[in-house]
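Coordinate analysis (summary)
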Amino acid sequence: MSTYGERAYSFLEKLSFPRTSGSDKEHAAAEMIAQHIREMGLEPQLDPFEVRHHKPVKATFSVTAPEKLTYEVTGIINAQDTPEGGVDADFYYLEMIDELGLKKAKGKFLLLNERPSEEDYQKLMKVGIAGFMWMSGTARDTVDNMDLDTFRYRASYERHGKVPGFGIRMIDAMDMLLHRPEKVHFELHTEEVVATSYNVVTVIPGTDLAEEAIAVGGHYDSTEFSYGSWDNGAGTVQVLGLLEHLSKHQPRRTVKCILFGSEEVGLNGSKAFLAAHPEDQDSLLAMINLDVGGSILGNYAIIATATPGVEGYLKGLAQEAGHSAKVSSHVMSSDSAVFSDYGIPSLNLARMTPRNGGFMHTRYDNMKMISPDVLGEQIRILIFVVDRLTAAEVFPIPREISAELQKEIVKYFGSEVSKTEERMKKAEK
């Protein structure tokens, strides 16, 4: 095969299988990736780290009045267990988390339209609810064509309290509401799971500016039912394409390429990497993240978490490369957010699909979505950006993040959780 895109597509075909956090399949994927890097003449390291969570082992839900109805549900990871035998409660469909809705929600089991924000979750805990569920899928699904997601509590939510939580298909939620439920019975039991995940780390030393370094990364794990071709096998093979280039063209600045495990369960790989490498927390000049890519349908996007001037610089780079891309500034929900939380500017190079053109975290994220030509173009622009950044006489991206984006980072990770908030408080003193 003669192009980066064709080689990337070939490897992605082999990598496209469910590879969830801490599983044997995820470990197998890490070994495949490492072997592929060795074949380039490079020396990757598999850095292990521990992942720990409470996995649902029993989750049941039924309407008990005015008639008996039972629905398939999944328990939310890290949710509160019920007593043995379950709990009975009044039911309420909380369409909006507002003052009126919260008044009616007290002591009841709630159906929510979507995952609540941390602020709204805190309100629910203050009111005192018996439990809740939110919906997955679409109103046009069937039981046969969709997999019921397993959701998880975010760490920042847990400190406000926990109650039993469940996921239900949207089509089942619609059916339930048509029967005017009044009372429900639910039971949830979890068990602690401790597993090992891996980051695959490859360092390409620089030449005359070797003491300066950037990070380039993407996660290689997937969710439970997904083949993870778009999210994020495509990001993985882009990093591999860059490594192939760097193996033949040594950069002036050092490039640390990290393929992260366990991103889908809380950005654990990037958190583990920075915890294990405190020297990088203060010294990395920038982080380039590849998450979602290769899709036949879509448009290219560059998302910066940096200073306002960086957006203009990136637009110029894209134009110079002959690359149409939507450039914006915000915090992307990916491993890059962890680096930015440590004050490291981050750039996300992504391929976004049009509405209904891609189905993340489902069985439909597979090779049918992927184009070798698009992969090749994404690898080309990644190489272009990395070459420009590593070769610059003066690094063109300031090592700072705007005050507005710092606030967005704090909101993303949760108050009293983020490193950014710690720095902001110190600066105020």
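As a reminder, the structure under discussion sits directly above these lines.
Criteria and cut-off values
Residues numbered from 1 in each chain as written. Predicted model: local features only at pLDDT ≥ 70, side-chain atom pairs only at ≥ 80, totals over all residues. Heavy atoms only, no water. Helix = DSSP H or I, 4+ residues; strand = E, 2+ residues; numbered from the N terminus. Rg over C-alpha atoms; globule rule 2.2 N^0.38 Å. Buried < 20%, exposed > 50% of the residue type's maximum accessible area, 1.4 Å probe, protein only. Contact = heavy atoms within 4.5 Å. Areas by Shrake-Rupley, 256 points an atom, 1.4 Å probe, with all protein chains shown as cover. Lys, Arg positive; Asp, Glu negative; His and termini not counted. Charge placed at Lys NZ, Arg CZ, Asp CG, Glu CD. Salt bridge = Lys/Arg side-chain N within 4 Å of Asp/Glu carboxyl O. 1 Å grid on protein atoms, 1.4 Å probe; cavity = no way out; pocket = protein on both sides within 12 Å on 5 of 7 lines; lining within 4 Å. Points joined across faces, edges and corners; volume = space filled by probe spheres on them. Nonpolar A, V, L, I, M, F, W, Y, C, P; charged D, E, K, R; others polar. Core = buried A, V, L, I, M, F, W, Y, C linked by side-chain atoms within 4.5 Å. Axes fitted to C-alpha atoms, helices over the stretch in contact; angles between N-to-C directions. Parallel < 35°, antiparallel > 145°, perpendicular 65-115°, else oblique. Left-handed = near helix turned anticlockwise from the far one by under 90°. Phe/Tyr/Trp six-rings, centres within 6.5 Å; stacked < 30°, edge-to-face > 60°. Lys NZ or Arg CZ within 6 Å of the ring centre and 35° of its normal.

**What about the overall build of the protein?**
The helix and strand inventory of the protein stands at 14 helices and 14 strands. Its C-alpha radius of gyration of 23 Å places the protein within 12% of the 22 Å reference for a compact globule of 429 residues. With respect to the three principal axes, the spread of C-alpha positions in the protein is 75 × 55 × 40 Å. For the protein, the residues scored as buried account for 55% of the 429 residues in total. Restricting the contact set of the protein to residue pairs at least 6 apart, pairs at least 24 apart contribute 80%. A total accessible area of about 19000 Å² is found for the protein, and carbon and sulfur atoms account for 51% of it. Positive and negative side-chain charges in the protein, numbering 45 and 62 respectively, have mean positions lying 3 Å apart.

**Observations regarding the pattern of salt bridges**
For the structure on display, the rule yields 19 salt bridges. For glutamate 393, the salt bridge is made with arginine 252, and the minimal N-O distance between the two is 2.9 Å. With a gap of 141 residues between them, glutamate 393 in the loop between helix H12 (372-391) and helix H13 (403-413) and arginine 252 in the loop between helix H7 (229-246) and strand S10 (253-260) connect regions that are remote in the sequence. Take glutamate 393: its relative accessible area is 63%, and that puts it in the exposed class. The closest approach of N and O atoms between glutamate 311 and lysine 315, which form a salt bridge, is 3.8 Å.

**Here's the deal with the layout of surface pockets**
There is about 210 Å³ of room inside the second largest pocket. Taken together, 13 residues make up the lining of the second largest pocket; nearest its centre are Tyr342, Gly343, Arg399, Lys419 and Arg423. Listing elements by their share of the lining of the second largest pocket, those giving two or more residues are helix H9 (278-283) and helix H14 (419-428).

**Topic: empty space enclosed by the protein**
Considering all chains together, one arrives at three cavities of 30 Å³ or more under this definition. Taken as a whole, the largest cavity encloses approximately 70 Å³ of empty space. If you trace the largest cavity, you find it lined by Tyr4, Arg7, Ala8, Phe11, His36, Met40, Val237, Leu240, Gly241, Glu244 and Ile379. If you list the elements that add at least two residues to the lining of the largest cavity, you get helix H1 (4-15) and H7. For the lining of the largest cavity, the residue count by class is seven nonpolar, two polar and two charged.

**So, the nonpolar core**
Note on soluble globular proteins: their nonpolar side chains tend to be buried together. Core analysis: the biggest nonpolar cluster contains 59 residues, and Ile33, Val216, Leu240, Leu243 and Ile288 have the highest contact counts within it. With near-sequence residues (within four places) excluded, leucine 240 lies in contact with Phe11, Ile33, His36, Ile37, Met40 and Leu259. Core analysis: the next-biggest nonpolar cluster, separate from the first, contains 36 residues, Phe61, Leu69, Leu102 and Ile129 among them.

**Looking at unusual backbone geometry**
Cis geometry is adopted by the peptide bond preceding proline 66, which originates at alanine 65 and carries an omega value of 10°. Among the secondary structure elements, proline 66 is positioned in the loop between strand S1 (45-65) and strand S2 (69-71). Backbone torsion omega between aspartate 231 and asparagine 232 reads 5°, so that peptide bond is classified as cis. You can see asparagine 232 is positioned in helix H7. Of note, the phi angle at asparagine 78 is positive, near 75°, even though the residue is not glycine. Take asparagine 78: it is sitting in the loop between strand S3 (73-75) and strand S4 (87-94).

**Here's the deal with the packing of helix H2 (residues 24-38) against H7**
The N-to-C vectors of H2 and H7 enclose an angle of 20°; their axes lie 10 Å apart at closest approach. For the element pair H2 / H7, the angle class is roughly parallel. Where H2 crosses over H7, the handedness of that crossing is right-handed. Mapping the contact onto sequence places Ile33, His36 and Ile37 in H2 and Thr236, Leu240 and Leu243 in H7. Class assignment of the residues belonging to the contact of H2 with H7 gives a composition of four nonpolar, two polar and no charged.

**Some thoughts on the environment of isoleucine 129**
Summarising the element assignment, isoleucine 129 is placed in the loop between helix H4 (118-127) and strand S6 (131-136). For isoleucine 129, a relative accessible area of 10% puts it in the buried group. On a C-alpha basis, the gap between isoleucine 129 and tyrosine 198 in space is 38 Å, while along the polypeptide they are 69 residues apart. Apart from the residues lying within four places of it in its own chain, the contact partners of isoleucine 129 are Ala105, Gly107, Lys108, Leu110, Leu124 and Val163.

**A look at the environment of methionine 424**
Looking at the secondary structure, you find methionine 424 in helix H14. Its relative accessible area of 25% is what places methionine 424 among the partly exposed residues. Sequence spacing of methionine 424 and valine 410 is 14 residues, and the spatial spacing of their C-alpha atoms is 9.8 Å.

**Thoughts on the packing of aromatic side chains**
Taken as a whole and judged by the stated rule, the model has 14 aromatic pairs. Geometrically, the ring pair formed by phenylalanine 273 and phenylalanine 339 is stacked, given 6.2 Å between the ring centres and 25° between the ring planes. Of the two residues, phenylalanine 273 is situated in helix H8 (residues 268-276) and phenylalanine 339 in helix H11 (residues 335-341); the sequence distance between them amounts to 66 residues. Phenylalanine 339 carries the same exposure label as phenylalanine 273, and that label is buried. Through successive ring pairs, a cluster of aromatic residues spans Tyr121, Phe132, Trp134, Phe151, Tyr153 and Tyr157. A cation sits over an aromatic face here: arginine 351 above tyrosine 300, 4.6 Å from the ring centre.

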